[in-house]
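Residue-level listing of the chains:
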Amino acid sequence: MIFYKLPKRREFPLDTSSVTRDSTKSSKKRRKLDVPSANLLILKGASFPFRLKGDPKAIGVETDDAILFGEYAREQWMGSIVRNGMYLFDRYVMPDFAFQVIEVQPDEAIVTSETIIQLDTSSDSEPTLNRVYSLEDVVGHEEVKKKCKLILHYLEDPLKFGEWAPRAILFHGPPGTGKTLTARAVACEANANLFLVKASDLIGVHVGDGGRRISALFEDARRSAPSIIFLDELDAIGLARSFQSIRGDVSEIVTSLLGELDRTSEESGVVIIGATNAFSLIDSAVRSRFDASFEFDLPNDTERLELVSKLIARLPLPVEFDISFLVSQSRGLSGRDLRDRILKESLHIAITNGLPSITNDVLIQVLDRIKGRERPSYTI
Ligand SMILES: Nc1ncnc2c1ncn2[C@@H]1O[C@H](COP(=O)(O)OP(=O)(O)OP(=O)(O)O)[C@@H](O)[C@H]1O
Ligand SMILES: [Mg+2]
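Bear in mind the structure is a predicted one, so any value in this text is a computation, not a measurement.

Trainee: What exactly am I supposed to notice about the sheet that holds strand β1 (residues 40–45) here?
Mentor: Sheets are built from strands that pair by backbone hydrogen bonding, the pairs being arranged parallel or antiparallel. One open sheet holds the four strands; their spatial order is β3-β4-β1-β6, and the pairing between them is mixed. Where the open sheet ends on each side, the last strands, each with one partner, are β3 (87–89) and β6 (116–120). Between one strand and the next, the sheet's axes are offset by a mean angle of 35°, whatever the strand orientation. Sitting on the sheet, helix α2 (residues 66–77) is in contact with β1, β3, β4 (98–105) and β6, with an inclination near 110° to β6.

Trainee: Even after reading the chapter, I still don't get the pattern of salt bridges, so can you show me in this structure?
Mentor: Pairing between side chains of opposite charge can happen when their charged atoms approach one another. Throughout the structure, instances matching the rule amount to 13 salt bridges. A salt bridge links Glu 142 to Lys 145, with the shortest nitrogen-to-oxygen separation between them at 3.6 Å. Taken together, the residues span about one helical turn, with Glu 142 and Lys 145 both in helix α3 (residues 142–156) at a distance of three residues. Here Arg 223 and Asp 220 are joined by a salt bridge, their closest N and O atoms 3.5 Å apart.

Trainee: Explanation requested: unusual backbone geometry in the structure shown.
Mentor: Across the chain, the bulk of peptide bonds are trans and the bulk of non-glycine residues have phi less than zero. Residue Gln 105 is joined to Pro 106 through a cis peptide bond whose omega torsion reads -10°. Within the element layout of this structure, Pro 106 appears in the loop between β4 and β5 (108–110). Of the consecutive residues Ala 225 and Pro 226, the connecting peptide bond is found in the cis state with omega at 0°. With respect to the secondary-structure elements, Pro 226 resides in the loop between α6 (209–223) and β9 (227–232).

Trainee: Explanation requested: the packing of helix α11 (residues 301–313) against helix α13 (residues 335–352) in the structure shown.
Mentor: Any two packed helices are characterised by how steeply their axes cross, that is the angle between the axes, and by the distance between the axes. Closest axis-to-axis distance for the α11/α13 pair is 10 Å, and the angle between their directions is 50°. Our classification of the angle between α11 and α13 gives oblique. At the point where α11 passes α13, the crossing takes the right-handed sense. In this structure, α11 contributes Arg 304, Leu 307, Val 308, Leu 311 and Ile 312 to the contact, and α13 contributes Gly 335, Leu 338, Arg 339 and Leu 343. Residue classes in the contact of α11 with α13 are distributed as six nonpolar, one polar and two charged.

Parameters and conventions
- Every chain is numbered on its own, with residues counted from 1 as its sequence reads.
- Here the convention is simple: chains get letters from A, ligands get numbers from 1, in the order in which they are written.
- At least 70 in pLDDT is required for a residue's local features to be given in this predicted model, at least 80 for side-chain atom pairs to be given and counted, and no such filter applies to totals for whole chains, interfaces and linings, which use all residues.
- To obtain the side-chain values, all non-hydrogen atoms of the structure were included, while hydrogens and water were left out.
- A pair of strands is labelled paired if DSSP reports no fewer than 2 bridges between them.
- Helix and strand assignments come from DSSP, with helices taken as H or I runs of at least 4 residues and strands as E runs of at least 2, each series counted from the N terminus.
- Between N-to-C directions, angles cover 0 to 180 degrees, with each direction set by a line fitted to C-alpha atoms, over the stretch in contact for helices.
- In what follows, a contact means two residues having at least one pair of non-hydrogen atoms within 4.5 Å.
- Any carboxyl oxygen of Asp or Glu that lies within 4 Å of a side-chain nitrogen of Lys or Arg is treated as forming a salt bridge with it.
- Roughly parallel here means an angle under 35 degrees, roughly antiparallel means over 145, roughly perpendicular means 65 to 115, and every remaining angle is called oblique.
- Helix crossings get a hand from a simple test, with the near helix turned counterclockwise from the far one by less than a right angle marking a left-handed crossing and a clockwise turn marking a right-handed one.
- We call Asp, Glu, Lys and Arg charged. Ala, Val, Leu, Ile, Met, Phe, Trp, Tyr, Cys and Pro are nonpolar, and the rest, Gly among them, are polar.

What follows is the structure in C-alpha cells.
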C-alpha cells in the first residue's frame, strides 16, 4: 500500500490562493501587491456549509490549549490573505468546517509565522432577540408573571438568594398559550442571555452527542450569566422512564440533564425554564428538579378580549367587526389561534379582495371555516 504524505502548509510558496477559497478577481490582483503581515487574527467556529436534513446543528468549537490552536491554525492558513468576516475552511480535524474571521489586524493582511491566532469561544447558542418583549405583553397567567418577577430579582443579584434561589421552573399547557413568549419576556426584562433550545435538537446522531450538547449548553449559559436556558418541548427528552426504553438514546440525555441541573449552583445566575405540552409524560425525576410548575390555560373571555384588542392595534388594516362577537365565538382557542388562524387569515382575505378594512363578513367566513375543522388535541 502506498501512503502519500500531505505536504505541510509551510512547504507551499506564500501565494496560496486555493486555501481560502477566495477567487474573486480583486483579491487575486491584490495578492500580487504587497499585503501587510497580520499581527492578530481572531477566528470563531462557524458551521459546516450544509448538513443533511434532520441532522443536528453544529454547536461550536472550543480549545483546551490556546497556543496549540494558534499553531494548528497557522499550519493550515499560513500565507492566506484574510479579511474581516471571511471564512477559512478546516482541512484536518473537521474537513470543511468553517471558521469565520472575527478580527484581523491590520484590516487585510497575510497570515505569517508572526501572526497571533486566537479562537473566540464566546457563546454560539445565544439567539438574537430582535423584538423586545415585556411581561406586560403576556395576557393572563398572573401567577407565572409573579414568579417571573421573582426570577428577575434573582438574576439582578444572584448572591442575595443563597440556597433559596429560584433555579428551574416548568411551563406546561396547550400549544400557543404564551409559554415561549413569557420566557422571551423574562430574558428581555432581565437583560439576560436567552438560550432557546428545542429539546429534540439535543438528540444527536451518535451515542454521547446529546450529553455533550447539554454540557456545552449549560457551560455556555454559566459563562455568559445572567442567562436563561429555555428548554422547549421538554417531553422529547424528559419522557417517563417507561417510554425511554423505546427511545434508549434519550435516557442518556436525561441523565446529563439531571446532572447539569444539579450542578448549576444557586449563585450561578442561570435559570432554567422548561416547557412542555405533555406534562403528565415527563419523568418524575426530571419534574422534581423544577422548583415549581405552572399551567398555561387557554384564555378565558376577558383574556381573549384583551388579546384581541392588543393584536388588533398591531394590524395594518382597521377592523369593522364587533370584537365582543369574535370573543364569544372563539372559546377554546389559544392566543396563537386568535392571531394566526383568525386575525392573520382575515387580514389576508381582506387584502386579497382589495378591501380597505376587515369586515364582519370576512370574519364570519374565517370563523365558519375554523368551526368546520376539528381542533387537534395536544398530545405528543
Ligand atoms: N397569554 C398570551 N399573551 C399574549 N400573547 C399570547 C398569549 N398566548 C399566546 N399569545 C400569542 O401567541 C403567540 C404564540 O405563543 P407562544 O409561542 O408563546 O406559545 P407556546 O405556549 O410557547 O406554544 P407551544 O407549546 O406550541 O410552543 C405569541 O407570540 C403571542 O402572539
Ligand atoms: Mg413554545
